[in-house]
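Observations on the model geometry
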Amino acid sequence: MCCPRIRTTAFNLDRLTYAGNLENLKDIESSDRYEFIKGDICDRKLLESLEFDAILNFAAESHVDRSILDAAPFLKTNIAGTHNLLETARQRGCTLVHVSTDEVYGSAETGLFNEGSPLLPNSPYASKASSDLLVRAYVETHGVRAVITRCSNNYGPYQFPEKLIPLVILNAISGKPIPVYGDGMNVRDWIYVEDHCRAVDAVLHRGRPGEIYNVGARNEMPNIELIRLLLGKIAEQLGMSEDRLTGLITFVKDRQGHDRRYAIDPAKIEGELGWRPETAFEDGITRTIRWYIDNRKWWEGIISGEYMKYYDVQYGERLRG
Ligand code: TYD
């Protein structure tokens, strides 16, 4: 009797809240190795009814501005949801890769954060720090085979337009003001989404249980410099005047508790797992802008209804004042 071939099947468990969108996975939806399940990581019964041998936890409330407006969904999904996944991993004896963020370290006044840096989160989004500590506790107490990744700011196609890079691209294309918080000199460390995905894959297959891996592309930039770079490239791709686009830049009231700088050291994942970012920033940015220009239908469907209500709460007064 011959053995059946082992095939990896990915279940995508997603509650499809405001940023969830099945359009984003059209390319793989007909694959017999992929299955979508609408559900919540806070639903323990649902988790218990599924068969799997590894969990990748990408499920999170992730937008800092929304966490300032209302922290409750962040605590529920990011902490209680992670607790459910940990319990499931403990019962099954399966691997858990917990995808976290560099924001758990807080603001880097100097130097780079490494995996041993203290956790000093400043926004309610960084409830992710609570979940990281819970993961650590389950490793120590129950021997759960969990690994934590902490990535820097992601960008790329399909990103929900509440985040800075897609927001700038869409507002520039639509001729709307581009809101820059504070003096625009806050620094973020940017990584192309596919580089991040390859890092998570490397950690799933080769990461050591109980370890933490920073995932960054050594690519720090002040926001205003990034915005000017984006506008130059958008002007080039659309054949528009760059001056007209830079005229949309509007400095607005700063975000509360706004971290001045994020910067992480990815030496550990590079040295131990041989992972390297492969996308040069200028190439990633050019590709991302092209994608939003070519996929107007995707984002036109998003920037209405709930999104516009949020946009008004977030920016209405700031832009009027
Ligand atoms: P964001 O994409 O929200 O990511 P994070 O807060 O996780 O870093 O913001 C990136 C940076 O851009 C951050 O310093 C805040 C700033 N920002 C603006 O200046 N204006 C905006 O409209 C947004 C959304 C962000």
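Residues numbered from 1 in each chain as written. Predicted model: local features only at pLDDT ≥ 70, side-chain atom pairs only at ≥ 80, totals over all residues. Heavy atoms only, no water.

**A look at the site of the ligand**
Convention followed: By convention in this text, a residue qualifies as near a molecule or strand provided that one of its non-hydrogen atoms is within 4 Å of it. In protein, a polar contact means a hydrogen-donor-capable atom and an acceptor-capable atom, both N or O and within 3.5 Å, with residues adjacent in sequence counting only if both atoms are side-chain atoms; elsewhere, any N or O pair within 3.5 Å suffices. Residue burial considers only the protein chains on display, and all accessible areas are found by Shrake-Rupley using a 1.4 Å probe. Secondary structure follows DSSP: runs of H or I at least 4 residues long count as helices, runs of E at least 2 residues long count as strands, and numbering of each begins at the N terminus.
In the vicinity of the ligand lie 19 residues, with E103, R188, R255, H258 and Y315 positioned nearest. The separation between an oxygen atom of the ligand and a polar side-chain atom of R188 is 2.6 Å. Surface burial for the ligand is 98%, taken as the share of its 510 Å² of free accessible area covered by protein chains. Those elements that provide at least two residues to the shell around the ligand are α2 (64–69), α5 (164–174) and β7 (178–181).

**Structural notes on the sheet that holds strand β4 (residues 95–101)**
How we decide: Following DSSP output, two strands are said to pair if at least two bridges run between them. Here an axis means a line fitted to C-alpha atoms, over the contact stretch when the element is a helix, while the angle between two N-to-C directions is reported on a 0 to 180 degree scale.
Here we have four strands laid out as an open sheet, ordered β3-β4-β5-β9, and parallel in their pairing. Whereas interior strands pair on both sides, the edge strands pair on one side only; in this sheet they are β3 (54–57) and β9 (212–215). With direction set aside, neighbouring strand axes in the sheet form an average angle of 15 degrees. Relative to strand β5 (residues 146–151), β4 runs parallel, the two sharing six bridges. The residue of β5 that forms the bridge with S100 is R150.

**Re unusual backbone geometry**
Spelled out, the test is: Accessibility here uses a 1.4 Å probe with only protein chains present; expressed as a share of the type maximum, an area under 20% marks a residue as buried, one over 50% as exposed, and anything in between as partly exposed.
Positioned with a positive phi, L16 is a non-glycine residue whose angle comes to about 55 degrees. If you trace the backbone, L16 turns up in the loop between β1 (10–14) and β2 (34–38). For L16, a relative accessible area of 26% puts it in the partly exposed group. In this model, Y158 sits at a positive phi of 70 degrees, which is unusual for a non-glycine residue. Under the relative-accessibility criterion, Y158 is labelled partly exposed at 31%.

**Description of the side chain of N223**
Quick reminder of the rule: What makes two residues a contact is simply this: any of their non-hydrogen atoms within 4.5 Å.
Mapped onto the elements of the fold, N223 is located in helix α7 (residues 223–238). N223 has contacts with L164, G184, N186 and R188, leaving out every residue within four places of it along the chain.

**Some thoughts on the packing of α5 against helix α10 (residues 281–294)**
Heads up, the rule is: Should an angle fall under 35 degrees it is taken as roughly parallel, and over 145 as roughly antiparallel, whereas 65 to 115 is taken as roughly perpendicular and any remaining angle as oblique. A crossing counts as left-handed when the near helix is turned anticlockwise from the far one by less than a right angle, and as right-handed when that turn is clockwise. Under the scheme applied, nonpolar residues are Ala, Val, Leu, Ile, Met, Phe, Trp, Tyr, Cys and Pro; charged residues are Asp, Glu, Lys and Arg; polar residues are all the others, including Gly.
Packing of α5 against α10 brings their axes to within 10 Å, and their N-to-C directions diverge by 50 degrees. The angle between α5 and α10 falls in the class oblique. Judged by the twist between their axes, the crossing of α5 over α10 is right-handed. Here I165, P166, I169, L170 and I173 of α5 come into contact with α10, specifically with I285, T288, I289, Y292 and I293. Grouping the amino acids of the contact of α5 with α10 by side-chain chemistry returns nine nonpolar, one polar and no charged.

**Quick look at the environment of V313**
In this structure, V313 sits in helix α12 (residues 305–320). A residue is classified by how much of its surface remains accessible, and V313, at 58% relative accessible area, is exposed. Through-space distance from the C-alpha of V313 to that of L69 is 9.1 Å; in sequence the pair is 244 residues apart.

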